Amino acid sequence: IISSTAGSASNLRQKAISRKLFYIIALFAGAGMVCGSVTSYFVSAKPFDFVFGFVSISIGVFSVVATRRDVAKRVQDGTTEESFVTLSASEKRKLRESVSGWKSIGAISAVAGFVAGLFGIGIGGIMGTYLTAIRRINPKLAFSSILAAMIVTSLVGAFLHFAAAPAIGEELLLVAVLAAGAATGAIAGSYLSGKVKSLKLRFMQGYIIISLGIITLLLTLASFS
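Sequence order sets the numbering: in each chain, residues are counted from 1 along the sequence as written. A pLDDT threshold of at least 70 governs which residues receive local features in this predicted model, and a stricter bar of 80 or more applies before side-chain atom pairs are shown or counted, although totals over entire chains, interfaces and linings include all residues. Note that the side-chain values use all heavy atoms of the structure and ignore hydrogens as well as water.

Draft legend 1. Quick look at the side chain of Thr153. Helix and strand assignments come from DSSP, with helices taken as H or I runs of at least 4 residues and strands as E runs of at least 2, each series counted from the N terminus. Looking at the secondary structure, you find Thr153 in helix 7 (residues 139-164). Contact definition: two residues touch when any of their heavy atoms are within 4.5 Å. Here Thr153 is in contact with Ala29, Gly30 and Met33, once residues within four sequence places are set aside.

Draft legend 2. Spotlight on unusual backbone geometry. We note that Lys15 has phi near 55°; this positive angle belongs to a residue other than glycine. When you line up the elements, Lys15 lands in the loop between helix 1 (2-13) and helix 2 (19-40). In the Ramachandran plot, Arg136 falls in the positive-phi region, its phi being about 60° despite a non-glycine side chain. Relative to the elements of secondary structure, Arg136 occurs in the loop between helix 6 (124-134) and helix 7.

Draft legend 3. Spatial organisation of the nonpolar core. One finds Leu21, Ile25, Ile105, Ile123, Met127, Leu131 and Ile146 to be the most contacted residues of the largest nonpolar core, which totals 21 residues. Looking at this core, the elements with two or more residues in it are helix 2, helix 5 (102-119), helix 6 and helix 7. With residues near it in sequence (within four places) discarded, Ile25 still touches Gly30, Ile105, Ser109, Ile123, Met127, Leu131, Ile146 and Ala149. The term nonpolar core refers to a set of buried residues drawn from Ala, Val, Leu, Ile, Met, Phe, Trp, Tyr and Cys, joined through side-chain atoms within 4.5 Å. Exposure is judged per residue with a 1.4 Å probe applied to protein chains only, and the accessible area is read against the type maximum: over 50% gives exposed, under 20% gives buried, and values in between give partly exposed.

So, in structure tokens, the structure goes:
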């Protein structure tokens, strides 16, 4: 909640949030989050950690491969891609308003929300890869809109999970520490994402998701030892 709000405030000043994308993702991912959170009360998520690890690695690899193909195509065509901050006001407005395929975006958002509710992770990994690698939406616009939608999904997930197991004492201290770090990182990330070229952002996203999957697999293996 803290990281999403802090990052979105910065993105809003940069006019990098698509209202249409925000509404679609927030609505469908929020519904998925409710289903995933409720499901987590009835099943153990431990067996799914392996699946999540492999899925994360697959998503990351797909993102990197798709980006490499874009790079190769641009080299062949002799075109380049600018950072979001270098675009004109009219170009930014056109990007924000030219969002199509709400049904498919909504369906993937619902899946991302369900996974987030079940595992307690963000929706950015799945949605970021889908919007940038498949839908070809500008990464800065996609990430900013996803982050804004995560305010809604995080609120829904936090309410459901804390209602079942309220945080007290040390848990509240942990929340405060996480909030401070998340807010700082979100503001810095939002600033940098507006200046880094889109293709580099997609590469960074892919490698981060792959790393997340590897870490998940290693931690899961360690828990069984």
